[in-house]
Amino acid sequence: MDLTKKLSLLVFLVCVLISLKNQKAETDSRSVLGDPPARRNLGENESPSAAGDQEVLRYDYYSESCPSAEKIIRLTVRELYEKNISVAPALLRLVFHDCFVMGCDASVLLDSDGEIKTEKDTAPNLSLKGFEHIDIIKSKLEQACSGVVSCADTLVLAARESVVLVGGQFYPLLTGRKDSKNAFPQNALKDIPHPDFDVNNAIEAFALKGFDARETVALLGAHSTGRINCNFIRGRLFNFSGTNLPDPSINTEFVEVLRSHLSTSFENRAMRMDYEGPGKNFGTVYYNSLLQGKGLLTVDQQMTAGTETKPWVEEYASNNLRFRRDFGLAMMKLSNLQVLTAPEGEVRLNCRTVN
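Reading the values: rules and limits
- Residues numbered from 1 in each chain as written.
- Predicted model: local features only at pLDDT ≥ 70, side-chain atom pairs only at ≥ 80, totals over all residues.
- Heavy atoms only, no water.
- UniProt positions renumbered as here; feature names shortened; annotations may be inferred.
- Axes fitted to C-alpha atoms, helices over the stretch in contact; angles between N-to-C directions.
- Helix = DSSP H or I, 4+ residues; strand = E, 2+ residues; numbered from the N terminus.
- Parallel < 35°, antiparallel > 145°, perpendicular 65-115°, else oblique.
- Left-handed = near helix turned anticlockwise from the far one by under 90°.
- Contact = heavy atoms within 4.5 Å.
- Phe/Tyr/Trp six-rings, centres within 6.5 Å; stacked < 30°, edge-to-face > 60°.
- Buried < 20%, exposed > 50% of the residue type's maximum accessible area, 1.4 Å probe, protein only.
- Nonpolar A, V, L, I, M, F, W, Y, C, P; charged D, E, K, R; others polar.
- Salt bridge = Lys/Arg side-chain N within 4 Å of Asp/Glu carboxyl O.

If you check an unreviewed UniProt entry, the chain appears there as Peroxidase from Perilla frutescens var. hirtella. Regarding the chain, the UniProt comment filed under Sequence similarities (unreviewed entry) reads as follows: "Belongs to the peroxidase family. Classical plant (class III) peroxidase subfamily." In its Catalytic activity (unreviewed entry) section, the UniProt record describing the chain reads: "2 a phenolic donor + H2O2 = 2 a phenolic radical donor + 2 H2O".

Now the structure itself:
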């Protein structure tokens, strides 16, 4: 690790410690969300011993069983990214869609079989990509240490490397997650936030997973990278809410720019989320575009419509260091949602099927 990266990580860790000192331990959300007893959220400042006799997550979980695990994941993601930069946003989106449905358990990776109905075939997940990338990473892990590294850990670590590759902050992660033996298509339908959510619906959806308004705005900063299919924004340009008019929250000139770029006949066309080109820092273009009425998705632009959310859009647009810190903290929290540990879960040999 070079000096610049070491200093960056040191600054971030100091920020984490300061933030954790001012936060209360996160409470077990089972009674609120009705989660199965095996699922629990690991609080950001919770010690490993807090889980009692159940195996828990910890740093360097694979230090003895598979010491090269994190290096394999890091190098493989980088190799894939060098061939195709769409790898990073695909993996980042995969981890969101996995963790928002019954926690970070790799259930989104399961294919359908005689007993399991996949989450992949639900409406929110039909456009997900990156499954083949996880297959490649997992295959290398199996060659090095068969049956040791879970698909759930593989996914959260690959997503972190993706964040770093697109210019975001490295953040530390606990490991030791186990994989679910089931998929939850019905939960995918109701739990994953919709691109057309208004600000109230978005805040509510994220709050159900334990995120406040600030963390919601920070996590949506993941939309700083990747491509969005035309079908997700066409309605905002031509027939918003059945009015035959564009969404009034979009900058008028930007409506024409988008209309010239997107055509109603181009079903499969997509637009870059960082359409003005990559900013100097991850998040810069995204938040400034929202303040200019140039958000591509309704849920993004709606962040400027809420009294709780707009101040954070303004803060992150002008303070990239604050955004990078808050995004890293929010990703750590997301990665700890309702984790499965031994003996409730398993380590899949193939991420697409249960053992």
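1. Considerations on the packing of helix α12 (residues 284-291) against helix α14 (residues 310-318)
Contact geometry for α12 and α14: axes closest at 8 Å, N-to-C directions at 135°. On the basis of their axis angle, the class for α12 and α14 is oblique. The handedness of the crossing between α12 and α14 comes out as left-handed. Across the interface between the two elements, Y287, N288, L290 and L291 of α12 pack against V313, E314, Y316 and A317 of α14.

2. Section: the packing of aromatic side chains
Summed over all chains, the structure comprises 12 aromatic pairs. Ring centres 6.3 Å apart and planes at 20° place the aromatic pair F100 and F211 in the stacked group. Remark: F211 occurs in the loop between α8 (199-207) and α9 (213-219) and F100 occurs in the loop between α4 (87-99) and α5 (131-144); sequence separation between them is 111 residues. Owing to a relative accessible area of 3%, F211 belongs among the buried residues under this scheme. Relative to Y316, the ring of W312 lies with its centre 5.8 Å away and its plane at 35°, an arrangement referred to as tilted.

3. Focus: the packing of α4 against helix α6 (residues 151-165)
Orientation of α4 relative to α6, taken along the N-to-C sense of each, is 135°, at an axis distance of 8 Å. Classed by the angle they form, the pair α4 and α6 counts as oblique. The interaxial crossing formed by α4 with α6 has left-handed handedness. When α4 is examined against α6, the residues V87, A88, L91, L92, L94, V95 and D98 are found in contact with a partner set consisting of L155, V156, A158, A159, S162 and V163. Here the contact of α4 with α6 is composed, by residue class, of 11 nonpolar, one polar and one charged.

4. Focus: the pattern of salt bridges
Evaluation of the coordinates by the stated rule reveals 16 salt bridges. For R78, the salt bridge identified is with E161, shortest N-O distance 2.6 Å. Highlighted residues: R78 in helix α3 (residues 69-83) and E161 in helix α6, separated in sequence by 83 residues. Among the residues examined, R78 registers a relative accessible area of 29% and is labelled partly exposed. Note that R352 is salt-bridged to D135, the shortest N-O span being 2.7 Å. Taken together, the positions of R352 in the segment after α15 (320-335) and D135 in helix α5 put the pair 217 residues apart, joining distant regions of the chain. Its relative accessible area of 24% is what places R352 among the partly exposed residues. Salt bridges sharing common partners tie together D111, K120, D135 and R352.

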